[in-house]
Amino acid sequence: MIFNCIVPSIVFQEVPNEISLCFSITGCKVGCNGCHSTELWHAKNGLALTNQNFIQWLKKYQGLISCVVFFGGEWQPSALIEKLLIAKNFGLKTCLYSGKESGDKHIDLRITQQLDFLKTGKWQPELGGLDSITTNQVFRDLTTGEKLNYLFTKNNIDTQGANNVAA
Ligand code: SF4
């Protein structure tokens, strides 16, 4: 089973009010038109993200981060769920950015049960990302059910569009 990722990075805008370590998982099959991250389409790209490697990354950034965000990976539910459980054991919040639609038909319920935040919806350039008021994408706090898109559009107004997430 391949569960590879691009070298993770710290991100500040993908999850509002959290400092997140971001893991982009390769093997995305969503195929959005205008995808900015086509290097994520091929499952063999990147480095193997074993549970052991993942724990090493979390230990490296322990105390600096409050959340872990995955860009994709829902196509390997077992591997992703294992990582989410590990992150929660480190006291971190968890987030998934998926290009799929929301709902059990699209994203495994066992995954969403381990998430604090979930972004759903394909990248559609004509509608824009989370910072666009016309976007099809939804960012939700799963602990409350609240849709948090307004925090991204607010950022856009404040920063003149610095945040434009495609995944
Ligand atoms: S934008 Fe994201 S979800 Fe869509 S194809 Fe690219 S990597 Fe996959």
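Just above sits the structure.
Quick caveat: nothing in here was measured; it's all calculated off a predicted structure. (Residues numbered from 1 in each chain as written. Predicted model: local features only at pLDDT ≥ 70, side-chain atom pairs only at ≥ 80, totals over all residues. Heavy atoms only, no water.)

1. Observations regarding the overall build of the protein chain
Along the backbone of the protein chain there are 4 helices and 9 strands. Going from the N terminus to the C terminus, the protein chain shows its helices and strands as β-β-β-β-α-β-α-β-α-β-β-β-α. Its C-alpha atoms give the protein chain a radius of gyration of 15 Å, near enough to 15 Å, the size a compact globule of 167 residues would have. Taking the principal axes of the C-alpha coordinates as reference, the protein chain spans close to 40 × 35 × 30 Å. Total accessible area on the protein chain is roughly 8,400 Å²; 52% of this is exposed by carbon and sulfur atoms. Each charge sign in the protein chain was given a centre, from 15 positive and 14 negative side chains, and these centres are 6 Å apart. (Helix = DSSP H or I, 4+ residues; strand = E, 2+ residues; numbered from the N terminus. Rg over C-alpha atoms; globule rule 2.2 N^0.38 Å. Areas by Shrake-Rupley, 256 points an atom, 1.4 Å probe, with all protein chains shown as cover. Lys, Arg positive; Asp, Glu negative; His and termini not counted. Charge placed at Lys NZ, Arg CZ, Asp CG, Glu CD.)

2. Some details on helix H1 (residues 51–61)
Helical periodicity: at 3.6 residues per turn, an α-helix aligns residues three or four positions apart in one direction. Residues Phe54, Leu58 and Tyr61 constitute the buried set of H1. Buried residues in H1, looked at end-on, bunch into an arc of 75°, giving them a common side. What points out from H1, more than 90 degrees from its buried face, is the exposed set Gln52, Gln56, Lys59 and Lys60. As for H1, its buried residues are in contact with strand E2 (9–11), strand E3 (20–24), strand E5 (67–71) and helix H2 (77–89). Trailing H1 by a residue or two, glycine 63 shows a phi angle of about 90°, which is positive. (Buried < 20%, exposed > 50% of the residue type's maximum accessible area, 1.4 Å probe, protein only. Arc of directions from axis to C-beta. Contact = heavy atoms within 4.5 Å.)

3. Overview of the nonpolar core
Residues Phe23, Phe54, Leu58 and Phe70 are the most contacted members of the largest nonpolar core, which totals 24 residues. Mapped onto this core, the elements with two or more residues apiece are E3, H1, E5 and H2. Looking at this core, the element that brings in the most residues is H2, giving 6 residues. In this structure, phenylalanine 23 is in contact with Cys5, Pro8, Leu49, Phe54, Trp57, Val68, Val69, Phe70 and Phe71, ignoring residues within four places of it in sequence. (Core = buried A, V, L, I, M, F, W, Y, C linked by side-chain atoms within 4.5 Å.)

4. Remarks on the environment of leucine 115
Structurally, leucine 115 is set in the loop between helix H3 (109–112) and strand E7 (117–120). Placed 57 residues apart in sequence, leucine 115 and leucine 58 show a C-alpha to C-alpha distance of 17 Å. For leucine 115, the contacting residues outside a window of four places in its chain are Leu84, Thr94, Cys95, Leu96 and Leu142.

5. Quick look at unusual backbone geometry
For asparagine 17, which is not glycine, the phi torsion reads 70° and is therefore positive. Here asparagine 17 lies in the loop between E2 and E3. What makes asparagine 17 exposed here is its relative accessible area of 73%.

6. Side note on the sheet that holds strand E9 (residues 146–147)
Overall, mixed pairing links the 7 strands, which are arranged E2-E3-E5-E6-E7-E8-E9 in an open sheet. Here the strands that pair on one side only, and so sit at the sheet edges, are E2 and E9. Where strand E8 (residues 138–141) lies against E9, 2 bridges are found, and the strand directions are antiparallel. In the strand pairing of E9, arginine 140 is matched with lysine 147. Together, E2, E3 and E5 form the strand contacts of H1, whose direction differs from that of E3 by roughly 155°. (Pairing = 2+ DSSP bridges. Axes fitted to C-alpha atoms, helices over the stretch in contact; angles between N-to-C directions.)

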